[in-house]
Amino acid sequence: MVGAMGTHPMSTNVVPREKWSLKSLFYSQFDSPTIEKKYNLNYLRKTYPPSHRLLVVILISHALINSLEIFLFKSISEKKNIIHLSILTISICLNILSLIIINRLKNRILSNIISIICLCPLTILSCLYPEECHIYLLIILIYSLANFSVLLSILISISITVIITALTLNSKICLVLLLITNIFGIYLNRLVDITMRSAYNQLCKNANVRGTLLSEHTLISKMIDSLMPRKYARVIMEDFDVFRERVQNVNISRQGEDELQMATFRPLHIERMENVSILFADIVGFTLMSSNKSASQLVSLLSDLYGRFDDLCVQMSCEKIATLGDCYYCVSGCPEPQEDHAKACVLMGLAMINAIEEFDQDNNEEVDMRVGVHSGSVNCGIVGTKKFKFDIFSNDVTLANKMESTGKPSYVHITEATHLLLKQDEFQFEEGPPYTSSNKVLIKTYFVAKRHLSHRITRKPPHMTLATAAAVAVASGVSVGVSLNETNDIPNQSETTPVTSPLLEEVAQARRATICEEEFPQDLENLVNVENVNETTFENEEKELVMAFNILTLKYKDDKLEKGFSAHVGSHSLLILEVILSILSLLFIYIYFPKKNFVSIIMGIIIGIKLILTLILIRFHRILLHWWILRHFIASFYLLSPLIIILIQISKYDDTTSPAFIVFISTYLILGASVSHLIKILIAILSISIYLPLFIYKQEMPKSSILDISICIFISLIVLYGITRQVEVARRSQYHVGHKSSEQQHEIEKERARADWLLRNILPEHVIEPLRLRGGSYSRNHPCVGVLFASLINFHVMYEEQYEGGKFYARILNEFYGDIEELFLNPRFSKIEKIKTIGATFMAASGLQADSNDQNSLGEFLFCFIQCKRYFNTINTLESVCDLVDFALAFQSTMHRFNEALLNFAFEIRMGLNFGPVTAGVIGTTNLSYDIWGDTVNVASRMDSTGEQGRIQVPEHVALALEDKYKFDLRGKINVKGKNFMTTYFLKAI
């Protein structure tokens, strides 16, 4: 009882409020007929048999003990004893027979009939011998272990009570004890039924959680597939906690412990792969194509083209690495080895040339492809901690890039290393110009001409891709507020009609089935697939429950679970109900015994103490009930209080104390639902050891009467054990199911945290919501965006593949990028986005979070650019650009600190910065990626490539716009590819 006097911190999550509705207090039923039917079937298979077996054990024990008494201490020849013995024998036979039938029942009415038949002999004995104590045991068994509904239990019990009262006209006072027994029986019936339904309710939830977890894992798998090869998925997910701890350490280091920032190495997943081929492909004519397109049109075209390339990658067994603006590159033989990697890459290149021709036909464009392929070795893996991606780098990757840049449209430019791996009769080769490498080695090259096909090899990819769908689903969060597939009310950004993705439906269902107390639907029938959960799921769940606790002591085998259950207490409503029942029982016992002033005073004192103690416990339950011993000590006081009244009356009213004591043992001690059944048995044994000697000592009674009373008390003890055991099994099952649900909910939250983390390492924060609302597409024109390129110009000097194949230097680069990316944790730089890393070049941008509507015409795009220039001198307009400049300076400072940790080497940085209008968008089919395009990006890249070591180079308009806040040195006019001569400046360090 006292166990119900407070709430443990985890109880809110472990045992949630019930979400079915009770049609009435006496007719509990799930709203869903299907769920109710499943519950009844499960009840007949799983709950009824063990409960009925316990009833049978008690009834057979009762019959055997009474039979043994007749054989040993009474005359068998007496008619009364013969009838008594015959009834007991029939009871044993009927109960044994019922054990054979119960496992085959499929109807609850039949189970009620069997229970009635098993109780009939005890009912007859109660009517034949109303002066004995059979009646009290019978009534409490009807309400508890007979498994009747509460209405049927009340009907049967009242009928028997009326009959017994009529048969004992001279003992109307026994009606008080019968009334107590009925009241406690109703309470016990409701407690057990609601507890079992609560456990089943939670079991239904758990079955759905399994499906939810599967959907979450599927979702994450799709997202990881769009980011990196599956080979790296497991280790990356393990790094989730490492990265989170690293962020916490960085936050601590800002408070004064700088050494924590470099205390440990970050995770590195790099491996050396030999015998691979690398392909680089560049769109020829991209600048012209993009010059007259709006943001949505350009992103749509790129998504179309890159979607075709993605499909070809899968067909050709190649692994897409990334897109760099209008450059697309992939690899074969990595991360999984492949014998014909060179052939796969060349076929991929030829297919890309054919695919872009089909793209031109479908979209009325005039672009071409220039492809370069080289075979050799690479270091592949994951680099960085923010916006990381699967990447490859090595000297051979650089050479493959050079093959592309020195190639020609509609041809695949290959090195001699690749040529040697190809069969001469499979392709038509023509010799190309030799290429001189950085170490002055002359490399022969070849061209492979495009194929002339009579059939199409690509199709226009769907608007909604699996990768995009995964991102949209995670972006939707727990509650899918907008239908992910209904985009009719949203302006479409391309001519392609959105299509439904099965993944979206799957994820939407999983998200709707989330087991969360605040979000769970009121009606279980609303749960997705809850009515279709197969029985195997429930069997697996219940097998785990059976194995969870010891069959004798009922203690959980898991010590942690047992500790949690011991600390778990019930609700205040249950406390109040049990206190009311306790006080009510005291009042009835007071009425039962003849009135004495002394007894009245004791009664008033006990009730007063109970009320005061209850109020104190309600107010200070967290403090007082924290200790297990104190909690059970208080419970013992509540449970033993009626015994005090009984013991006071024992000397003068011996003929009435024994029925009251039997009711106390068999009925009253069932209170305290959260108290261990073993504690209650211990209290009962202690009470018996006090009452029985006093009863025998105070009164001189025949041995037969003492024996009869002792047997009744002993049977009452057996009944108490059976009932309290059933209640505790139900409570422990409910707690275990709830605890398991809490663990699964925690796992779901963890999986979603990982999914969100992954998503934010694929897409910027500000892209996620618009991506969801637009049904999986995103493109924006931003009028004023700052773009930064920063290159480690001497990394190639450090990089040496003779030592660990270059893996050691990859770790250094990973650590350097990690230090730079931790700058984003600074609130000043929180709105700066890392776009990508390209080898030893870091690209970032600012101003992408600013709200801007998509511009659907070139005129509107130019208007934004003019508006941006008009306000160049307004510093508020350029706040994001200033943040990027400060970030660039912090970038340099971080590099200097990093250099202090390097031995005999120091990185040298070269940076270029620009701002202006850009186009941003999400593209990709198998690899989802966010990128920005435009002349602003190209100029920023040129500012880097034409800059000087240790300096930040900017074009003239940047220097003029920021001259009030920063100092610049004029560099003069320099030749910039695609721009002729430009006047540039160097930013002065502050």
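Per an unreviewed UniProt entry, the recorded name for the protein is Adenylate cyclase type 9, and the organism is Rotaria socialis. Among the UniProt annotations of the protein, the heading Sequence similarities (unreviewed entry) holds the following wording: "Belongs to the adenylyl cyclase class-4/guanylyl cyclase family." We quote the UniProt Subcellular location (unreviewed entry) comment for the protein here in full: "Cell membrane".

Colleague: Just checking my understanding: could you explain the packing of helix H17 (residues 559–567) against helix H23 (residues 703–759) for this structure?
Modeller: For the pair H17 and H23, interaxial distance at closest approach is 11 Å and the crossing angle is 115 degrees. If you check the angle between H17 and H23, you find them roughly perpendicular. Here H17 runs over H23; the crossing is right-handed. Two secondary-structure elements touch here, H17 through Leu561, Glu562, Gly564 and Phe565 and H23 through Arg731, Arg732, Tyr735, His736 and His739. In the contact of H17 with H23, the residues fall into 3 nonpolar, 3 polar and 3 charged.

Colleague: Looking at this model, I keep getting lost on the environment of Ser929. Mind explaining?
Modeller: The topology assignment puts Ser929 in strand E17 (residues 929–933). With 606 residues separating them in the primary sequence, Ser929 and Thr323 have C-alpha atoms 8.2 Å apart. Discounting residues that sit within four places of it in the chain, Ser929 has contacts with Thr323, Gly921, Val922 and Ile923.

Colleague: Whenever I open this one, the nonpolar core confuses me. Can you help?
Modeller: One broad rule of soluble globular proteins: the nonpolar side chains tend to lie buried together. Grouped together as the largest cluster of nonpolar side chains are 102 residues, with contacts concentrated most on Leu141, Ile645, Phe661 and Leu669. With 13 residues, the top contributor of residues to this core is helix H7 (residues 174–225). Ignoring sequence-local partners within four residues, the contact set of Ile645 consists of Leu586, Ile589, Phe593, Val599, Ile602, Met603 and Ile606.

Colleague: I keep staring at unusual backbone geometry and nothing clicks. Help me out?
Modeller: Note the cis peptide between Cys334 and Pro335, where omega equals 5 degrees. Within the secondary structure layout, Pro335 lies in the loop between strand E5 (327–332) and helix H11 (341–363). A positive phi angle, close to 65 degrees, is found at Leu554, a residue other than glycine. Note on placement: Leu554 falls in the loop between helix H16 (535–548) and H17. On the basis of relative accessibility, which here comes to 0%, the residue Leu554 falls in the buried class.

Colleague: What's the story with the pattern of salt bridges in this structure? I'm lost.
Modeller: A side chain of one charge can pair with a side chain of the opposite charge when the charged atoms of the two come close. Enumeration over the complete set of coordinates arrives at 26 salt bridges. Between Arg456 and Asp362 there is a salt bridge, with the nearest N and O atoms lying 2.8 Å from each other. Of this pair, Arg456 sits in the loop between strand E12 (445–449) and helix H14 (466–475) while Asp362 sits in helix H11; the two residues are 94 residues apart in sequence, bridging distant segments of the chain. Classification of Asp362 by relative accessible area gives partly exposed; the value is 35%. Glu404 is the partner of Arg370 in a salt bridge, and the nearest nitrogen-oxygen pair spans 3.0 Å. In this pair, Arg370 sits in strand E6 (residues 368–383) while Glu404 sits in helix H12 (residues 395–405), placing the two residues 34 residues apart along the sequence. A network of salt bridges, in which partner residues are shared, links Glu36, Arg190, Asp193 and Arg197.

Colleague: Could you clarify how one ought to interpret the pairing of strand E8 (residues 411–415) in this entry?
Modeller: Regular strands place side chains that alternate from one sheet face to the opposite one. Within E8, 4 of the 5 residues are buried, which leaves the element mostly enclosed by the surrounding structure. As judged from the 3 bridges shared by E6 and E8, these two strands associate in the parallel manner. Looking at the pairing, Gly372 lines up with His413 of E8. Where E8 lies against E12, 5 bridges are found, and the strand directions are antiparallel. Opposite Thr415, over in E12, you have Thr445 as the bridge partner.

Colleague: I tried to follow the packing of aromatic side chains on my own but got confused; where do I start?
Modeller: Each pair of aromatic rings is reported with the distance of its centres and the angle of its planes. This structure, assessed with the given rule, holds 31 aromatic pairs. With centroids separated by 6.2 Å and ring planes inclined at 40 degrees, the aromatic side chains of Tyr306 and Phe309 adopt a geometry described as tilted. You can see Tyr306 and its partner Phe309 sitting in helix H10 (residues 295–315), 3 residues apart, about one turn around the helix. Taking relative accessible area as the criterion, Tyr306 reaches 0% and is therefore assigned buried. On the accessibility criterion, Phe309 (0% relative accessible area) is buried.

Colleague: Even after reading the chapter, I still don't get a negative patch on the surface, so can you show me in this structure?
Modeller: Judged by side-chain charge, Asp558, Asp559, Glu743 and Glu747 come together as a negatively charged surface patch. Tracing the sequence through the fold places Glu743 in helix H23.

Colleague: Teacher, can you tell me more about the environment of Phe73 here?
Modeller: Assignment of secondary structure puts Phe73 in helix H2 (residues 33–73). Separated by 631 residues in sequence, Phe73 and Ser704 place their C-alpha atoms 7.6 Å apart.

Colleague: I tried to follow the state of the cysteines on my own but got confused; where do I start?
Modeller: Two cysteines whose sulfur atoms are joined by a covalent bond form what is called a disulfide. In this structure the tally under the stated criterion is 0 disulfides. The thiol sulfur of Cys118 is not disulfide-bonded, and the nearest other cysteine sulfur, from Cys120, lies at 8.9 Å. Residue Cys118 is classed as buried on the basis of its relative accessible area, which comes to 1%.

Colleague: Before we go on, may I ask you to explain the pairing of strand E7 (residues 389–393) in this structure?
Modeller: A large share of E7 lies buried, amounting to 5 of its 5 residues. Alternating residues of E7 divide into Lys389, Asp391 and Phe393 and Phe390 and Ile392, and every residue in both groups is buried. Direction of pairing for E6 relative to E7: antiparallel, over a ladder of 5 bridges. When the sheet's bridge partners are listed, Ile382 is paired in E7 with Phe390. From the end of E6 to the start of E7, which pair antiparallel, there are 5 residues, and Gly384 there has a positive phi angle of about 100 degrees.

So, how was this worked out
- Residues numbered from 1 in each chain as written.
- Predicted model: local features only at pLDDT ≥ 70, side-chain atom pairs only at ≥ 80, totals over all residues.
- Heavy atoms only, no water.
- UniProt positions renumbered as here; feature names shortened; annotations may be inferred.
- Axes fitted to C-alpha atoms, helices over the stretch in contact; angles between N-to-C directions.
- Helix = DSSP H or I, 4+ residues; strand = E, 2+ residues; numbered from the N terminus.
- Parallel < 35°, antiparallel > 145°, perpendicular 65-115°, else oblique.
- Left-handed = near helix turned anticlockwise from the far one by under 90°.
- Contact = heavy atoms within 4.5 Å.
- Nonpolar A, V, L, I, M, F, W, Y, C, P; charged D, E, K, R; others polar.
- Core = buried A, V, L, I, M, F, W, Y, C linked by side-chain atoms within 4.5 Å.
- Buried < 20%, exposed > 50% of the residue type's maximum accessible area, 1.4 Å probe, protein only.
- Salt bridge = Lys/Arg side-chain N within 4 Å of Asp/Glu carboxyl O.
- Pairing = 2+ DSSP bridges.
- Phe/Tyr/Trp six-rings, centres within 6.5 Å; stacked < 30°, edge-to-face > 60°.
- Patch = residues over 30% accessible without salt bridge, like charges linked within 9 Å, V, L, I, M, F, W, Y side chains within 5 Å.
- Areas by Shrake-Rupley, 256 points an atom, 1.4 Å probe, with all protein chains shown as cover.
- Lys, Arg positive; Asp, Glu negative; His and termini not counted.
- Charge placed at Lys NZ, Arg CZ, Asp CG, Glu CD.
- Disulfide = S-S within 2.5 Å.

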